[in-house]
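Structure assessment
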Amino acid sequence: METILFWLCGALMVLGGVMTVTQRSAVISAVWLIFAFVCAAGIFAILDAPFVAIMQVLVYVGAIMVLFLFVIMMLQGPVLDNEKRRLLKLPLWPAVAIPPVAVLVLVGGWIRRTGTRDFGGTVPEGFGQPAAVAELLLGRYLLAFELVSIVLLVAIVGALAIGKEARKLPWK
Amino acid sequence: MEAMYAFFMDTAGMDEMAAHITVAVIMATIMFIVMALCAIIFTWMERKVAGFLQSRYGPMRTGRWHGWAQAVADMLKILGKEDIIPAEADKPYFIFAPLLVLLGSLLAWAAIPWAPGFVAADLDLGLFYIFAVTSLVVLGILMAGWASNNKWALYGAARGAAQMVSYEIPLLLATIPVVLYTGSLNTQDIVIAQQGGVLNWFVFRDPFLFIAFWMYFIASIAETNRGPFDMPETESELVAGYHTEYTGMRFAFFFLAEYANLFLVSMIAVMVFLGGWWSPIPGLDFAPAACFVVKGVLMVFLNMWVRWTLPRVRVDQLMHLCWKVMIPVTLVCVVGAGIWMMASGAVG
């Protein structure tokens, strides 16, 4: 059952990825990317990492992709006139799709040649459960975690400062 | 649920996998039927409540007794209407969007604990799961607005997405103190932790939880896109917002999803803050599911009361309320509830 689900999710994820790079409309690409993310969440769920799976849906599908769609919708209108559409009609997608496949074949061939199919032993106890993730984030990687949040905070403040009209800034 | 598995495995002689699949199909069907019934009953209820609050009767004629059949008749009318897909619309996405909106709330319904042991998907991360899958609704709304190829629909969708993504934060933060108290994200564990009468419900545990409950309530109104926060549908500005171009059956999906979401957020409020299936008086828990549903319907009534009482806010007021008032207040609630817990000795 797990094997079937794994191959189903994996195949659908690859389909989502291929559709993402082959679509001409950026909005439709984004929708396929969301589809790929949902399939990735499915794979995390099969791996007994429900927290990671739900995070994948909550953060990527619920927040980041919505932001992407917003940005695409704001930019789409003026950018895609007929001239530029013609440029996009060039078969660019092989250039995007071939390198990953080449890497995949390389890695696959290397594994076959060296004969190792064991990828790093057993999964630790409680892997992907909220408690385990919390212990790592608020224990071992606390400093990195806090630094990342400060970076994000600075980014928010910066975006607000840029977004506001220059004369309204308090220091001008 | 255990009884259902036992029935299919022992009496009907299925193996475990077949029993699992059968139970899943049955539960999904029950959820869908309950959801459709909710939409019909709440449409009628909304019109009666609106009438009551505005000193008029509301529907009185169809079906004789207080116009009870009006909602059924409306549903039949909607199903019989012509299904129009605009020529310039993005067809596959136009068709898929209402289904995605409905899917988002139906998936979340699966983790609602109706009675002890009776929950379609008993997940360890139930509460978290509910918030994750309801984010699909945002995508559905955005997709509907985009695929309609109509500027009002797109405006409505953009407003809806901005509003729902923003209000998701106070909604989640308001439930965190409860998770602190319970130490679990399982929906059943959260309800079980509130056993023992009305004073053990999380809403009355400490002052911070009381504030968190009202923060949750306000955020949940914004999440369901209902008045006074119905910016995505402002009929005076945007015709009908993201579902302007939808007709017939597809419009009915949006309608169904709105009431399904309304009942969903009310049920989450009941589950997290108002004691779930426990009755207010300890020891009177002979009908847990009924108790749960009655509390849910009362929360829906409160929601309708607010909708028909307050005027609509402006977009900037809406965002101001979320980012500058509700998020700081809920953050204070999280910290305050933690300190209260340590001070009262609920945790070591």
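Our subject is the structure listed above.
Calculation rules
Residues numbered from 1 in each chain as written. Chains lettered and ligands numbered in written order. Predicted model: local features only at pLDDT ≥ 70, side-chain atom pairs only at ≥ 80, totals over all residues. Heavy atoms only, no water. Helix = DSSP H or I, 4+ residues; strand = E, 2+ residues; numbered from the N terminus. Buried < 20%, exposed > 50% of the residue type's maximum accessible area, 1.4 Å probe, protein only. Contact = heavy atoms within 4.5 Å. Areas by Shrake-Rupley, 256 points an atom, 1.4 Å probe, with all protein chains shown as cover. Buried area = accessible area lost by both parts, 1.4 Å probe. Salt bridge = Lys/Arg side-chain N within 4 Å of Asp/Glu carboxyl O. Polar contact = N/O pair within 3.5 Å; in protein donor to acceptor, adjacent residues only side chain to side chain. Nonpolar A, V, L, I, M, F, W, Y, C, P; charged D, E, K, R; others polar. Phe/Tyr/Trp six-rings, centres within 6.5 Å; stacked < 30°, edge-to-face > 60°. Expected span 1.5 Å × (residues − 1). Bend = angle between axes of the 7 residues up to and from the residue.

**Section: the overall build of chain A**
When helices and strands are tallied, chain A shows 7 helices and 0 strands. Counting helices and strands in the order they occur from the N terminus, chain A gives α-α-α-α-α-α-α. Residue burial in chain A is summarised as follows: out of 172 residues, 21% are buried. Restricting the contact set of chain A to residue pairs at least 6 apart, pairs at least 24 apart contribute 58%. Accessible surface, chain A: about 12600 Å² in total, of which carbon and sulfur atoms supply 74%.

**A word on unusual backbone geometry**
All names here are of chain B. Of note in the backbone geometry, serine 55 takes a positive phi value of approximately 55° without being a glycine. Relative to the elements of secondary structure, serine 55 occurs in the loop between α2 (16–53) and α3 (70–80). Taking the relative accessible area as the measure of exposure, serine 55 reaches 72% and is therefore exposed. Located in the positive-phi region is asparagine 225, a residue other than glycine, with phi close to 60°. Note that asparagine 225 resides in the loop between α8 (207–223) and α9 (235–238).

**What to know about the interface of chain A and chain B**
With 20 residues of chain A at the contact, the number on the chain B side is 21 residues. Together, Ile54, Leu58 and Met73 of chain A form the three largest contributors to the area buried by chain A at its contact with chain B, with a combined 29%. Connecting chain A to chain B are 0 salt bridges. At the boundary of chain A and chain B, one finds 0 residue pairs in polar contact (both at pLDDT 80 or more). For the side of chain A that touches chain B, the elements supplying multiple residues, two or more each, are α2 (26–46) and α3 (50–79) of chain A. Ranked by residue count, the leading element in the side of chain A that touches chain B is α3 of chain A, at 13 residues. Tallied by class, the residues present in the side of chain A that touches chain B amount to 18 nonpolar, 2 polar and no charged.

**Here's the deal with the packing of aromatic side chains**
Per the stated rule, a full pass over the model turns up 24 aromatic pairs over all chains. In this structure an aromatic cluster arises from ring pairing among Phe204, Phe210, Phe213, Trp214, Tyr216, Phe217 and Phe273 of chain B.

**What to know about helix α4 (residues 91–109) of chain B**
The end-to-end C-alpha distance of α4 of chain B is 28 Å, a good match for the 27 Å that 19 residues give at a rise of 1.5 Å each. Where α4 of chain B bends most, the angle comes to about 30°, and this point is alanine 97 of chain B, followed within four residues by the proline proline 98 of chain B. Looking only at α4 of chain B, the buried set comprises Tyr93, Phe94, Ala97, Pro98, Leu100, Val101, Leu102, Gly104, Ser105, Ala108 and Trp109 of chain B. Considering only its buried residues, α4 of chain B is in contact with α2 of chain A together with α2, α5 (126–148) and α10 (248–272) of chain B.

**Quick word on the pattern of salt bridges**
Residues and elements named next belong to chain B. What the rule picks out here adds up to 6 salt bridges over all chains. Glutamate 46 is the partner of arginine 226 in a salt bridge, and the nearest nitrogen-oxygen pair spans 2.8 Å. In this pair, arginine 226 is assigned in the loop between α8 and α9 and glutamate 46 in helix α2, connecting sequence segments 180 residues apart. Exposure remark for arginine 226: the relative accessible area of 1% places this residue in the buried category. The salt bridge partner of glutamate 46 is arginine 307, with a shortest N-O separation of 3.1 Å. Placement of glutamate 46 in helix α2 and of arginine 307 in helix α11 (residues 288–309) is noted, with a sequence separation of 261 residues between them. The class of glutamate 46 is buried, set by a relative accessible area of 3%. If you follow the salt bridges from partner to partner, you end up with Glu46, Arg226, Glu258 and Arg307 in one network.

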